[in-house]
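Letter by letter, the chains look like this.
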Amino acid sequence: MTEGRSPKLPGTASQQLAALAEAAAASGTISLGQLLTAMGRTSIAFAILILSLPALTPIPGPFGMVFGSCLAIVSLQIIVGNESIWLPKFLARRTLSATTVNLIVRHTAPVIQRVEALLRRGRLRPLTGRTAQSLIGIPVFLLAVAIALPIPFGNILPVAALIVIAMGLMERDGLATLAGIVLAAVALGTSGGLVYGTASALGWAIG
């Protein structure tokens, strides 16, 4: 797959992810820049989704730090109202192998499908509009920081919140978006507790 081109991904989120895996398999690799342009007008919500999923996948390497950093950059653009997503070239050119993309999709597809079954388009629609989306960028940024931090078992709740928020925005389901924000508050509280507990334990050990 040449740089600057991206797969067309129609359908539900799970179908889009399956198509993404097929596109990566056909070319062998896919870049983060291509991932973020794959959804066109819905690239912001899709960016939140696709950048959060690797943190749920048992892949060796600092994926939480890499994708959490990308999410933080994306969230700042959401806050200022950008309609499309930009990444620095050194991140946009970072590639994922077809094997890695397939692992991410296969490992997270059951979660995505369960969330899809609960979605209903049109509920609390104002919570999926442009103003609401800009405000949602704030908890997305905080969740991205939580994912980037090396907190043992600290990714599960932040990623779950991001998945619900992203899919609520994609399907225009404001109730799902609201549920994602509530889950984000729980996740950030839990992450803060883990950070405090780890810091206290280190201080005790050093002392």
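In this text the structure is predicted, and so the values were computed from the model without any measurement.

Colleague: Describe in detail the environment of I136, supporting the description with residues and values.
Modeller: By secondary structure assignment, the location of I136 is in helix α7 (residues 130-148). On the basis of relative accessible area, I136 is assigned to the buried category, the value being 5%. For I136 and L178, which are 42 residues apart along the polypeptide, the C-alpha to C-alpha distance reads 9.7 Å. Residue contacts for I136: discarding those within four places in its chain leaves L127, I165, L169, T177 and I181.

Colleague: Account for helix α6 (residues 98-118), naming residues and giving values.
Modeller: Residues spaced three or four apart along an α-helix face the same direction, because each turn holds 3.6 residues. Compared with an ideal rise of 1.5 Å per residue, which puts 21 residues at 30 Å, α6 spans 30 Å between its outermost C-alpha atoms and is within 8% of the ideal. Considering bend angle alone, the principal kink of α6 is centred on T108 and spans about 45 degrees; proline P110 follows within four residues of it. Every buried residue of α6 is listed here: A98, T100, V101, I104, V105, T108, A109, I112 and V115.

Colleague: Which residues make up unusual backbone geometry, and what are the values?
Modeller: At L124, a position not held by glycine, the phi torsion is positive, near 45 degrees. Along the chain, the position of L124 falls in the loop between α6 and α7. In this model, R172 sits at a positive phi of 55 degrees, which is unusual for a non-glycine residue. Note that R172 resides in the loop between α8 (156-170) and α9 (174-206).

Colleague: Quick one: what's the story with the packing of α7 against α8, residue by residue and with numbers?
Modeller: Across the interface, α7 lies against α8 with an axial gap of 9 Å and an inter-helix angle of 155 degrees. Looking at the two axes, α7 sits roughly antiparallel to α8. For α7 against α8, the interelement crossing comes out left-handed. Taken together, the residues of α8 that come into contact with α7 (itself represented by Q133, I136, V140, L143, A146 and I147) are P158, V159, A161, L162, I165 and L169. Here the contact of α7 with α8 is built from residues that sort into 11 nonpolar, one polar and no charged.

Colleague: So what's going on with the confidence of the model for the protein? Which residues, and what values?
Modeller: Chain-level statistics for the protein give a pLDDT mean of 82 and a share of 86% at 70 or above. Predicted confidence is poor over residues 1-6, with pLDDT under 50, and the contacts of this stretch with residues over four places away or in other chains come to 15 contacts.

Colleague: Would you mind going over the side chain of T108 in detail, with residue names and values included?
Modeller: Turning to its location among the elements, T108 is positioned in helix α6. Judged by its relative accessible area of 1%, T108 is buried. If sequence neighbours within four positions are ignored, T108 has contacts with L53, L56 and T57.

Colleague: I'd like to hear about the environment of G192, residue by residue, with values.
Modeller: Examined against the element boundaries, G192 turns out to sit in helix α9. Spatially, the C-alpha atoms of G192 and G154 are 9.6 Å apart, while their sequence positions differ by 38 residues.

Colleague: Please provide a residue-by-residue account of α7, values included.
Modeller: With 19 residues, α7 extends 26 Å between its outermost C-alpha atoms, agreeing within 8% with the 27 Å of an ideal straight helix rising 1.5 Å per residue. Where α7 bends most, the angle comes to about 25 degrees, and this point is I138, followed within four residues by the proline P139. When α7 is considered as a whole, its buried residues turn out to be A132, Q133, S134, I136, G137, P139, V140, L143, A144, A146 and I147.

Reading guide: rules and limits
- Residues numbered from 1 in each chain as written.
- Predicted model: local features only at pLDDT ≥ 70, side-chain atom pairs only at ≥ 80, totals over all residues.
- Heavy atoms only, no water.
- Helix = DSSP H or I, 4+ residues; strand = E, 2+ residues; numbered from the N terminus.
- Buried < 20%, exposed > 50% of the residue type's maximum accessible area, 1.4 Å probe, protein only.
- Contact = heavy atoms within 4.5 Å.
- Expected span 1.5 Å × (residues − 1).
- Bend = angle between axes of the 7 residues up to and from the residue.
- Axes fitted to C-alpha atoms, helices over the stretch in contact; angles between N-to-C directions.
- Parallel < 35°, antiparallel > 145°, perpendicular 65-115°, else oblique.
- Left-handed = near helix turned anticlockwise from the far one by under 90°.
- Nonpolar A, V, L, I, M, F, W, Y, C, P; charged D, E, K, R; others polar.
- pLDDT = per-residue confidence, 0-100.

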